[in-house]
Structures are given as structure tokens and as C-alpha cells.
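Descriptive structure summary
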Number of protein chains: 2
Amino acid sequence: MRSREWRLERRPDGTPVADDFSFAEVDVPAPVAGEVQVRNLWMTMDPAMRGRMSEARSYVPPFELGRAMEGPAIGEVIASADPGFAAGDLVFSRLGWREVFTAPAARLEKRGRDLPPQAWLGFAGMTGLTAWLGLFQVAQLREGDTLFVSAASGGVGSVACQIARARGARVIGSAGGARKMAFLRDTLKLDGVIDYKAEASLTKALAREAPDGIDVYFDNVGGEHLRAALAVANRRARFALCGMISQYNTTTPEGPRNITQAITKELRLEGFIALNHLDRMDAFLADVRAWHAAGELTQAETVHEGLAAALDAFNGLFDGSGLGKTLVRIG
Amino acid sequence: MRSREWRLERRPDGTPVADDFSFAEVDVPAPVAGEVQVRNLWMTMDPAMRGRMSEARSYVPPFELGRAMEGPAIGEVIASADPGFAAGDLVFSRLGWREVFTAPAARLEKRGRDLPPQAWLGFAGMTGLTAWLGLFQVAQLREGDTLFVSAASGGVGSVACQIARARGARVIGSAGGARKMAFLRDTLKLDGVIDYKAEASLTKALAREAPDGIDVYFDNVGGEHLRAALAVANRRARFALCGMISQYNTTTPEGPRNITQAITKELRLEGFIALNHLDRMDAFLADVRAWHAAGELTQAETVHEGLAAALDAFNGLFDGSGLGKTLVRIG
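Residues numbered from 1 in each chain as written. Chains lettered and ligands numbered in written order. Predicted model: local features only at pLDDT ≥ 70, side-chain atom pairs only at ≥ 80, totals over all residues.

**Concerning the overall build of chain A**
Looking only at helices and strands, chain A has 10 helices and 16 strands in total. Against the globule reference of 20 Å for 331 residues, chain A gives a C-alpha radius of gyration of 20 Å, in line with a compact fold. Seen through its principal axes, chain A has C-alpha atoms that stretch 60 × 45 × 35 Å. Out of the 331 residues belonging to chain A, those deemed buried represent 52%. In chain A, the share of contacts with a sequence separation of at least 24, taken over all contacts with a separation of at least 6, comes to 66%. (Helix = DSSP H or I, 4+ residues; strand = E, 2+ residues; numbered from the N terminus. Rg over C-alpha atoms; globule rule 2.2 N^0.38 Å. Buried ≥ 20, exposed ≤ 12 C-beta atoms within 10 Å, placed from the backbone. Contact = placed C-beta atoms within 7 Å.)

**Some words on the interface of chain B and chain A**
Frequently, the measure chosen for interface size is the accessible area removed from exposure when the parts meet. If you look at the interface, chain B gives 29 residues, while chain A gives 28 residues. Contributing elements (two or more residues each) for the side of chain B that touches chain A: α8 (261-264) and β13 (268-271) of chain B. Per-element accounting of the side of chain B that touches chain A gives the leading share, four residues, to β13(B). Of the residues contributing to the side of chain B that touches chain A, the split by class is 13 nonpolar, 10 polar and six charged. Of the pairings in the sheet, the one linking strand β14 (residues 268-271) of chain A to β13(B) comprises three bridges and is antiparallel in character. For A:Arg268, the partnering residue across the bridge sits in β13(B) and is B:Glu270. (Nonpolar A, V, L, I, M, F, W, Y, C, P; charged D, E, K, R; others polar. Pairing = 2+ DSSP bridges.)

**Regarding the domain arrangement of chain A**
Residues and elements named next belong to chain A. Assigned domains within chain A: domain 1 (2-121 + 299-329) and domain 2 (126-275). One C-alpha centre belongs to domain 1, the other to domain 2, and the line joining them spans 28 Å. Taken residue by residue, the interface counts 15 residues in domain 1 and 16 residues in domain 2. When the residues that make up the side of domain 1 that touches domain 2 are grouped by side-chain class, the tally is seven nonpolar, six polar and two charged. (Domains from an automatic or database assignment.)

**Focus: the relation of the copies chain B and chain A**
Structural alignment of chain B on chain A gives an RMSD of 0.0 Å, achieved by rotating through 180° and translating 0.0 Å along the axis. Such a combination of rotation and displacement between the chain copies is what one expects of a two-fold axis. Among all residues of chain B, the one whose C-alpha sits closest to the rotation axis is B:Gly255, at a distance of 2.0 Å. When you check the interface residues of chain B against chain A, 97% turn up at the interface there too, and the contact is symmetric in its surfaces. (Least-squares fit on C-alpha atoms with pLDDT ≥ 70 in both.)

**Digging into helix α2 (residues 126-138) of chain B**
Residues and elements named next belong to chain B. Taking 1.5 Å as the rise per residue, α2 with 13 residues should run 18 Å; its terminal C-alpha atoms sit only 16 Å apart, a clear shortfall. The complete set of buried residues in α2 reads Met126, Thr127, Gly128, Leu129, Thr130, Ala131, Trp132, Leu133, Gly134, Leu135 and Val138. On the buried face of α2, the contacting elements are α3 (155-166), β11 (214-219), β12 (233-241), β13, α9 (281-293) and β15 (325-329). Downstream of α2 by a residue or two, Gln140 has a phi angle that is positive, lying close to 45°. (Expected span 1.5 Å × (residues − 1).)

**Side note on the packing of helix α5 (residues 202-209) of chain B against helix α6 (residues 223-232) of chain B**
All names here are of chain B. Relative orientation of the contacting elements α5 and α6 amounts to 45°, with a least axis distance of 8 Å. Classed by the angle they form, the pair α5 and α6 counts as oblique. Here α5 runs over α6; the crossing is right-handed. Facing Leu202, Thr203, Leu206 and Ala207 of α5, the residues of α6 in contact are Glu224, His225, Arg227, Ala228, Ala231 and Val232. Classifying every residue of the contact of α5 with α6 gives six nonpolar, two polar and two charged. (Axes fitted to C-alpha atoms, helices over the stretch in contact; angles between N-to-C directions. Parallel < 35°, antiparallel > 145°, perpendicular 65-115°, else oblique. Left-handed = near helix turned anticlockwise from the far one by under 90°.)

**Describing the packing of α2(B) against α9(B)**
All names here are of chain B. Packing of α2 against α9 brings their axes to within 10 Å, and their N-to-C directions diverge by 95°. On the basis of the axis angle, α2 is roughly perpendicular to α9. Mapping the contact onto sequence places Gly128, Leu129 and Trp132 in α2 and Met281, Phe284, Asp287 and Val288 in α9.

**Brief notes about unusual backbone geometry**
Unlike most non-glycine residues, A:Lys189 shows phi in positive territory, near 60°. Examined against the element boundaries, A:Lys189 turns out to sit in the loop between α4 (178-187) and β11 (192-195).

**Some points on the nonpolar core**
One recurring pattern in soluble globular proteins: nonpolar side chains tend to sit buried together. Of all hydrophobic cores here, the largest spans 210 residues; its most connected members are A:Leu147 and B:Leu147. Residues contacting A:Leu147, with those up to four places away along its chain left out, are A:Leu141, A:Ala164, A:Ala169, A:Arg170, A:Val171, A:Ile172, A:Ile214, A:Val216 and A:Phe218. (Core = buried A, V, L, I, M, F, W, Y, C linked by C-beta atoms within 7 Å.)

**What to know about the sheet that holds strand β13 (residues 233-241) of chain A**
With respect to topology, 12 strands assemble into an open sheet ordered β11(A)-β10(A)-β9(A)-β12(A)-β13(A)-β14(A)-β13(B)-β12(B)-β11(B)-β8(B)-β9(B)-β10(B), the strand pairing being mixed. Across the chains shown, the open sheet's two edge strands, defined by having one partner strand only, are β11 of chain A together with β10 (192-195) of chain B. Ignoring strand direction, the axes of neighbouring strands in this sheet form an average angle of 15°. The strands that α2(B) touches are β11, β12 and β13 of chain B; relative to β12(B), the one it contacts most, it runs at about 145°. Relative to β11(B), α6(B) is tilted by about 165°, and along the sheet it contacts β8 (146-149), β9 (170-175), β11 and β12 of chain B.

Shown next as C-alpha cells:
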């Protein structure tokens with residue numbers, strides 16, 4: 001069977017460009033014993049993929065040059081030579097960036113049909129787990145806390161905002177542009193919104209929206225956002241450091257120059273990687289199913305049609321055009 | 001009775017200069033009911049005093065202009081009109097920067113004669129409590145951990161190094177200059193030493209002394225030291241943010257530009273202020289007396305003679321000339 005796949009051909013310098021990749025046609029072999037053939041339906045776009053395009057050692061190895069890239073995907077089994085899977089099964093894998101693949105059964109995980117298929121890549125997948133871990137395990141968000149979420153209209157951010165509100169927190173979110181402000185205010189029902197593109201000072205804007213300070217900061221952005229959160233933090237505020245998208249494509253990274261606030265206010269800043277906490281998945285999914293059933297959690301998503309659009313979808317993560325979880329509908 | 005005192009006359013811009021202060025003679029009234037008259041014997045010099053010379057709101061209020069500054073001091077009661085104190089009592093107060101004072105009894109705390117008087121300003125005072133809290137409460141240092149301490153030859157640093165070794169940690173300390181290296185190696189018996197003035201790259205030096213990475217960083221310096229610690233930290237390392245002396249006198253503060261390491265390694269950075277944890281004093285003193293009795297904890301100190309020398313003593317904190325706790329012997 002024929003398939004197409006995205007390969008990394010060259011390590012990007014700054015923002016990835018088309019010449020860093022190739023979009024290749026390949027033959028996919030039929031499955032032999034212990035293997036399964038899958039047609040991908042959806043794949044997710046994740047800022048952390050930028051790290052794997054670089055050579056630097058991180059918590060996951062870099063993508064290999066000349067080979068198909070990887071990433072979380074949901075697909076449907078089309079042929080199986082393994083007793084654990086049958087045609088029609090919904091499966092999760094990390095073998096995105098390709099249309100059809102054949103792989104050992106051990107690389108697949110079944111997913112239920114009780115949620116929309118792409119929810120397993122969003123609020124019920126690593127995206128949701130990331131929001132849940134950051135808020136409740138790392139930052140220990142409590143009812144009545146004031147929470148600030150940067151990139152609040154993004155995949156992780158939009159889940160963090162919803163589940164924090166479901167837990168009784170006051171939530172302030174930042175994003176860029178009028179369309180996202182409307183989304184944060186009208187769809188996510190946030191208590192305060194900040195259009196970082198329209199504010200001369202993020203610190204002043206945050207102090208205006210959080211006149212009593214913030215107790216928890218969920219950082220997806222770093223840079224000036226982190227600096228504003230340090231400035232407006234209350235004593236003993238907790239910062240969940242989840243991502244710093246402002247820092248990934250820059251060759252001149254910048255630290256928070258008011259980091260001494262962490263001392264004077266006794267702040268705790270803690271980084272986390274959801275992949276290291278998969279043991280919490282069951283507790284997380286129980287919460288997610290309850291919130292989803294109660295109508296407190298829905299998937300905000302930006303869908304790009306067809307695998308050929310994947311590179312544009314990926315770069316859209318950084319140009320700020322996406323709303324909610326950025327997905328590519330493949331099949 | 002006549003006394004002399006240091007007053008802040010102008011808020012310093014950068015490094016404090018003589019014209020920012022006056023050294024005034026005053027009359028000290030005899031104590032009336034409920035008051036006690038004290039002759040200061042020792043006072044301590046503390047980098048955090050720099051913060052109080054500025055106008056910015058912090059965890060303690062700024063010094064008032066035209067009035068005597070304050071700071072921890074040990075003195076002897078010379079006259080008492082309060083039943084709780086008698087001539088000859090050793091007392092702790094925050095009324096340093098002056099020779100003799102009369103104050104309400106409530107501003108004094110008695111101290112024992114079982115330790116050298118100035119130890120109450122050093123390893124048995126806030127200095128020691130700071131080291132103890134940072135290592136054991138904030139960073140949860142465990143036996144076998146590799147610890148990095150910046151400004152290791154300073155007041156807090158030299159206590160942190162000693163008590164961490166007493167708990168079975170491998171300790172690497174940084175300081176500047178050959179005299180301090182000899183002190184860290186020969187007196188404090190550290191496992192690794194770094195002369196930051198002699199190294200082209202602090203990160204490379206730390207990686208050399210800690211080839212298996214660091215588990216805990218006790219930060220007294222900030223800036224390039226914090227950056228090196230982030231770079232060499234092991235997964236889930238804990239950073240106790242105690243002070244950032246490199247940042248206090250600068251008008252262009254700099255954040256750690258590799259702060260994203262906190263995410264990829266799941267680091268925890270936590271600031272603390274010992275003054276907020278005085279409820280831990282008894283537990284701390286029990287440890288301190290045991291370590292002192294076992295010969296595992298001694299006071300390293302740099303003594304300046306006479307209150308007139310106090311300003312030079314203070315600036316010595318920042319020019320790196322002091323070794324151990326910087327004290328002024330007043331009486």
C-alpha cells in the first residue's frame with residue numbers, strides 16, 4: 001500500500017522552513033505476525049516537536065535526518081496480524097507525520113469510542129494530562145486561587161482554563177488578538193483576559209486583571225509572560241513551568257530578569273514533563289470523563305485538512321494563528 | 001550616655017558610597033520602666049541590608065532616611081528598668097549600626113553563654129537557620145546527594161557546606177580567589193572547589209567538579225552561577241534560592257537564559273526567607289548544638305574592629321574580600 005510521510009532532512013535554524021523537510025511517497029508492507037497496519041485519522045501538533053528537530057539532547061531523542069518524523073496520532077486498524085487488534089479498532093500511536101503505517105502491536109494502544117476520536121489527542125490525551133498535572137500535582141491549585149494561564153487559547157492552555165474553572169479557581173488568560181480574546185471571554189468564560197499584542201506592559205495588564213495578585217501561574221510562554229507573573233505573584237505562589245514557546249525559536253534566549261522575586265516572595269517554580277507521569281493517567285481520565293459529562297470540558301480545536309498541510313499546521317503553533325488544540329485530519 | 005550610630009541619608013544608586021550615610025553622635029537616655037539599656041558587642045553584616053537601603057517594598061520595610069539603620073546585633077545589658085533583664089545579660093536585637101541604645105524590653109531576646117557570643121549572629125543565628133532551612137526544608141537534601149553552594153566561603157555558604165557534609169552530602173563550593181579556595185579545601189574540607197574568577201566557563205568548571213551532575217543547588221549568587229547550576233543539574237534537582245548577590249547592586253539585572261532547563265529536567269526552584277520560618281528555630285538549634293559539640297560546625301568569620309568600620313565591612317560583602325561571616329566588633 002502507498003503512503004506519504006514527512007521527513008526531516010536538515011536541522012532548522014530558527015523557524016523551520018519547507019527546505020528543512022521532504023514529503024515522500026513510500027510503500028507500506030502488509031503486516032506479518034505480531035504487526036498491525038493502521039490508517040492515521042488525526043495527528044496532533046505540539047511545540048515540543050521543535051526540540052526534536054534540533055540536535056540537542058532533551059527528554060526525548062532528536063528526530064533522525066532522512067526518516068519520517070514522529071508524533072502522537074489516532075488511527076484505525078485496517079489489517080491486523082496480531083491477536084490483540086482487529087480491523088476497525090481505534091488506536092493511539094506516536095507514529096504521526098504519515099498516512100498509513102505497519103508497526104509492531106506493542107507500539108499501539110487501544111482507545112475507546114466514548115469520546116470523539118481526536119479528544120484522545122486533546123483534552124483526554126497528553127494535552128489534557130499536561131494541564132491537569134501542572135495545575136493539580138505541580139502547582140497544587142486550590143478552590144478560590146487566582147490562576148494566570150499564558151497561551152490560554154492554545155491546546156494545553158484551553159484545557160487548563162476549563163478544568164481550573166471547574167475546580168473553582170478565578171482564571172485569567174493571555175493570548176494575542178481580538179479573535180482569541182473573544183474565544184477566551186465567550187467560549188471559555190474566563191474571569192480576566194489579556195491581549196498581549198495590545199498591551200504596552202504585560203505586568204501592568206496582569207496587575208489590572210489580578211488586582212489581588214496571582215496564586216498560581218501556568219507557564220506556556222516564558223519570556224515577558226514569566227516576568228509579569230513573577231512581578232504580580234502573591235507570596236508563596238506556585239509556578240507550573242510547562243513550556244516556554246517564546247524561547248524555542250530564538251537564538252537569543254532571555255531569562256526572567258526579576259527572578260529575585262522568587263526569593264522575596266518565597267515562590268516555587270517547578271518544571272514538569274507529562275510523559276514522566278503516565279502513572280497518573282487513570283486518575284486524570286476519571287476527572288476528565290466527569291468534567292466532559294458535566295459539560296465543563298469541551299475540545300477547542302483548529303483543524304488542518306490533509307497530511308500535506310502538516311508543516312503549515314506546525315508553524316501555525318508559533319505564529320499564533322491557531323485556536324485550541326492544533327490538529328491535522330489525515331484520513 | 002553618648003553613643004554613635006550610622007544613619008542612611010540618601011538612597012544609594014548601585015554600590016553604596018560614604019556620602020549616602022552619616023556617622024552621628026547621639027545622647028542615649030537612661031532606661032525608664034519597661035526599658036533596657038544595651039551596649040552592642042557585635043553586629044552582623046548581611047547582603048539583604050542593601051535591599052532596605054532602597055525604596056522598593058520588600059519583605060522588610062526600607063530604612064528611613066535620617067535615622068539609624070537596623071540590623072542583627074548581640075549586646076550586653078548595662079542597665080535595666082525591666083524585671084526580665086539584668087545587667088550582664090547577653091541579648092540579641094535588631095538594633096545594630098549603633099554602640100549603645102535604650103529600648104523597650106520587648107525588642108530584646110536573651111541568648112545563652114554556651115556558645116561564643118557572636119555565634120548567635122552566625123551559625124546559631126539567622127545565618128545558620130538560613131543554611132539549614134534551604135538545605136533540609138526547601139531543597140530536601142539527602143545523604144549521598146551532590147550539592148553545589150555558591151558564595152561557599154561566605155556566612156551562609158560556609159555553614160551550608162559544613163552541615164551538608166555532616167549529613168553525608170558531597171559538596172562543591174564556589175568562591176573567588178586563591179585564599180578562598182584554600183579555605184574551602186583545607187578548612188571546610190569540600191569535595192570540589194571552583195574559583196569563579198579563574199574559570200572561563202562556570203558551567204564547564206561545575207561539570208568538571210560534578211561529573212555526575214548536581215542534585216541540589218544552594219544559590220547565594222544568581223546570575224552566571226544560577227545558569228551553570230541549571231546546565232549541570234540532574235533530573236528533578238532542587239534549587240534553594242537564598243540570595244542573588246550578583247543582582248543586588250546592578251541596574252541591569254539578568255535572568256538565567258537557560259531557564260527552559262527547569263522544564264526539560266523537571267527542576268524545582270524555590271525561594272525562601274528565613275525570617276518567615278522562625279517556628280523552626282528550636283529544631284534548628286538542636287541540630288546546631290549537636291554538630292557544634294561533635295566538632296562538625298565552627299564559625300568562619302571576618303571581623304572588622306569598631307563601629308566606624310561598619311560601612312567598609314558592609315561593602316566588603318560585595319567586593320568579595322570577606323571570608324565566612326562578616327562581623328563588626330563594636331564593644
